[in-house]
Amino acid sequence: MNYIDPHIHMISRTTDDYQRMAYSQCAAISEPAFWAGFDRGTAQGFHDYFRHLTEFEPKRAAQFGIKHYSWLCINAKEAENVSLSREVISMIPEFLGRPGVLGIGEIGLNKNTANEATIFQEHLDLAAKTDELILIHTPHLEDKYKGTRMIVDMLKNDPRVKPHRVCIDHVEEHTVKLALDNGFWCGMTLYPVTKCTPARACDIIEMVGTDRIMANSAGDWGKSDPLAVPELIQEMKRRGHKESEIKKVVYDNPLSFWRQANNWKEWPPEPSANGVATPATAKAGY
């Protein structure tokens, strides 16, 4: 079954991972801007990072027939440096019109601090002014419910925010309804220690259904698995879920969310008359 991984950090993965993902029928990914494994000291470092996301990584993915999309921001972990964060936010509009950029993300909270909340709201202001999609990072472990509650309150307090254009990621059993009940999309992250296992994600689907929910690996520098979404597919099959339900979660939903992006160009390509998509007959992708 073709699938989409809507949150994976390929800058931290080897090219072999792209190959394994392609063998597992990964059709497309999106890569949110995030922490690089250390705190960056200059805005120029982020400028180079944004170039990497929008220029280099799509070419690496394309070698294996995988479409690559990206999101731009300064992540919550580095948002404690308010002056640097503001420099980075001021650069983002330069990149928003580039092919493959879906919007602002992953923004959110890490330790639920005042500085993180300030920079989160300044990202929201940029997203509202440019009418961009928003991808939200929620905190880990014991900070998750409090942080998710703070994030939802800040989103709801800004009348410019359109919930159907926001995805709250890393939801778990105790936060998923906060996202869905307030009209947002949500993502379950299949991360072995601090987030969901495939079995828990399947439990969540059985609890809330398949509307406005998707799954991702968030594969990054830490212990993580770029093939976690195929593991969820197998778990859902094992439990007897219909193929249409599985496809909705791992393919249709992320694609439906992405299609709201400002500079979206239709993908996947339409098939030609003989049922095979070709560059001459397909709609233009990014």
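Since this is a predicted model, take the numbers as computed values, not measurements. (Residues numbered from 1 in each chain as written. Predicted model: local features only at pLDDT ≥ 70, side-chain atom pairs only at ≥ 80, totals over all residues. Heavy atoms only, no water.)

Considering the side chain of histidine 47
Mapping histidine 47 onto the fold places it in helix H2 (residues 43–62). At 3.1 Å, the side chain of histidine 47 and the side chain of glutamate 94 are in polar contact. (Helix = DSSP H or I, 4+ residues; strand = E, 2+ residues; numbered from the N terminus. Polar contact = N/O pair within 3.5 Å; in protein donor to acceptor, adjacent residues only side chain to side chain.)

Points about the pattern of salt bridges
Applying the stated criterion across every chain yields a total of 23 salt bridges. Salt-bridge contacts for glutamate 266 lead to arginine 259; the nearest nitrogen and oxygen are separated by 2.4 Å. On the basis of relative accessibility, which here comes to 24%, the residue glutamate 266 falls in the partly exposed class. Salt bridges sharing partners connect three or more residues here, namely Asp203, Glu206, Glu235, Arg238 and Arg239. (Salt bridge = Lys/Arg side-chain N within 4 Å of Asp/Glu carboxyl O. Buried < 20%, exposed > 50% of the residue type's maximum accessible area, 1.4 Å probe, protein only.)

Overview of the confidence of the model for the protein
The predicted model of the protein averages 93 in pLDDT, with 94% of residues at 70 or higher. Taken as a whole, residues 272–286 scores under 50 in pLDDT and shows 28 contacts with residues more than four places along the chain or in a different chain. (pLDDT = per-residue confidence, 0-100. Contact = heavy atoms within 4.5 Å.)

Section: helix H3 (residues 82–91)
What H3 keeps buried is the set Val82, Leu84, Ser85, Val88, Ile89 and Met91. Its buried side turned inward, H3 meets H2, helix H4 (93–96) and helix H5 (114–130).

Considerations on helix H9 (residues 228–238)
Every buried residue of H9 is accounted for by Ala228, Val229, Pro230, Leu232, Ile233, Glu235 and Met236. Each element contacted by the buried residues of H9 is listed here: strand E1 (3–5), helix H8 (198–208), strand E8 (213–216) and helix H10 (243–258). Looking one or two places after H9, you find glycine 240, whose phi comes out positive at around 90°.

What about the packing of aromatic side chains?
What the rule picks out here adds up to nine aromatic pairs. Each ring, one from tyrosine 69 and one from tryptophan 258, has its centre 5.0 Å from the other, and the planes form 50°; the classification is tilted. Here tyrosine 69 is found in strand E3 (residues 67–72), whereas its partner tryptophan 258 is found in helix H10, with 189 residues between them in sequence. Assigned by exposure class, tyrosine 69 and tryptophan 258 land together as buried. The interplanar angle of 20° and the centroid separation of 6.3 Å between the aromatic rings of tryptophan 71 and phenylalanine 257 together place this pair among those described as stacked. Taken as a pair, tryptophan 71 in strand E3 and phenylalanine 257 in helix H10 lie far apart in primary sequence, 186 residues in all. For tryptophan 71, a relative accessible area of 1% corresponds to the buried category. (Phe/Tyr/Trp six-rings, centres within 6.5 Å; stacked < 30°, edge-to-face > 60°.)

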